[in-house]
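Results of the structural survey
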Amino acid sequence: MRAVLPKEITMKKHIANCSQASALVTAILQGDSHLLGAALSSDTIVEPQRAPLIPGMGAVTAAAKNAGAYGCTISGAGPTAVAITNSEEQGKLIGAAMVDAFASHGGLRATAYVSKLDNEGARIVEKH
């Protein structure tokens, strides 16, 4: 997946991605699902190169957003896709839509997991 990434990028794309990285951190710290979804969905460098290599990814992103996700993106180099919402029930609907899209548009089997955003971050937990 690294081989498909551009060797050079424009300053405009660099600035855009850096601003969205800042928005992503802000969204996590504030627990803002809407901003997090928008920030994750705004990559102009990596995802446009990698998404076409994941069968059905375009349809998965569309299905997630149509089901109510605030954003959807590839997690790392794949094969994980992540969508953002603020409700466990909505998350289950979004996950089902993504699984269906992977199957029908990509010919892939997928499993969906719904997790809650932890905006506290890394911390030491005392054992009792």
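Residues numbered from 1 in each chain as written. Predicted model: local features only at pLDDT ≥ 70, side-chain atom pairs only at ≥ 80, totals over all residues. Heavy atoms only, no water.

Details of the overall build of the chain
We count it as follows: Put simply, DSSP marks the helices as runs of H or I at least four residues long and the strands as runs of E at least two long, and each gets a number from the N terminus on. Note on contacts: a residue pair is in contact if any heavy atoms of the two residues lie within 4.5 Å. Computed with a 1.4 Å probe, the accessible areas rest on the Shrake-Rupley method; for each residue, only the protein chains presented here act as cover. Only four residue types enter the charge count, namely Lys and Arg as positive and Asp and Glu as negative; His and the chain termini do not. Just so you know, the charge point we use is NZ for Lys, CZ for Arg, CG for Asp and CD for Glu.
A tally of helices and strands in the chain yields five helices and two strands. Along the chain, from the amino end to the carboxyl end, the secondary structure elements read α-α-α-α-β-β-α. Taking the principal axes of the C-alpha coordinates as reference, the chain spans close to 45 × 40 × 30 Å. When contacts within the chain are restricted to residue pairs at least 6 apart in sequence, long-range pairs at least 24 apart make up 55% of them. Total accessible area on the chain is roughly 8500 Å²; 56% of this is exposed by carbon and sulfur atoms. Each charge sign in the chain was given a centre, from 11 positive and 10 negative side chains, and these centres are 7 Å apart.

Here's the deal with the layout of surface pockets
For the record, the criterion: Definitions used throughout: a 1 Å grid over protein atoms alone; a cavity as a set of points that fits a 1.4 Å probe which cannot get out; a pocket as an open set with protein on both sides within 12 Å along at least five of seven lines; a lining residue as one with an atom within 4 Å of a point. Grid points are joined across faces, edges and corners, and a volume is the space filled by probe spheres set on the points. In this classification, Asp, Glu, Lys and Arg are treated as charged, Ala, Val, Leu, Ile, Met, Phe, Trp, Tyr, Cys and Pro as nonpolar, and every other residue, Gly included, as polar.
Each pocket or cavity is described by its volume, and for the largest pocket that value is around 960 Å³. Taken together, 33 residues make up the lining of the largest pocket; nearest its centre are Val 82, Ala 83, Tyr 113, Val 114 and Ser 115. Counting only elements with at least two residues in the lining of the largest pocket, the list comes to α2 (33-40), β2 (80-84) and α5 (88-106). When residues in the lining of the largest pocket are grouped by element, the largest group, seven residues, is from α5. The residue makeup of the lining of the largest pocket, split by class, is 19 nonpolar, eleven polar and three charged. Looking at the second largest pocket, its volume works out to about 260 Å³. What lines the second largest pocket is a set of 14 residues, and nearest its centre among them are Asn 17, Leu 24, Ala 39, Leu 40 and Asp 43. Contributions of two or more residues to the lining of the second largest pocket are made by α1 (11-30), α2, α3 (47-50) and β1 (71-75).

Points about the UniProt feature "domain: GHMP kinase C-terminal" (unreviewed entry) in the chain
Definition in use: UniProt positions are given in the numbering used here, feature names are shortened, and annotations may be inferred rather than shown by experiment.
UniProt feature "domain: GHMP kinase C-terminal" (unreviewed entry): in the numbering of this structure it lies at residues 25-101. Along residues 25-101, the helical share is 55% and the strand share 13%, with 29 Å between the first and last C-alpha atoms.

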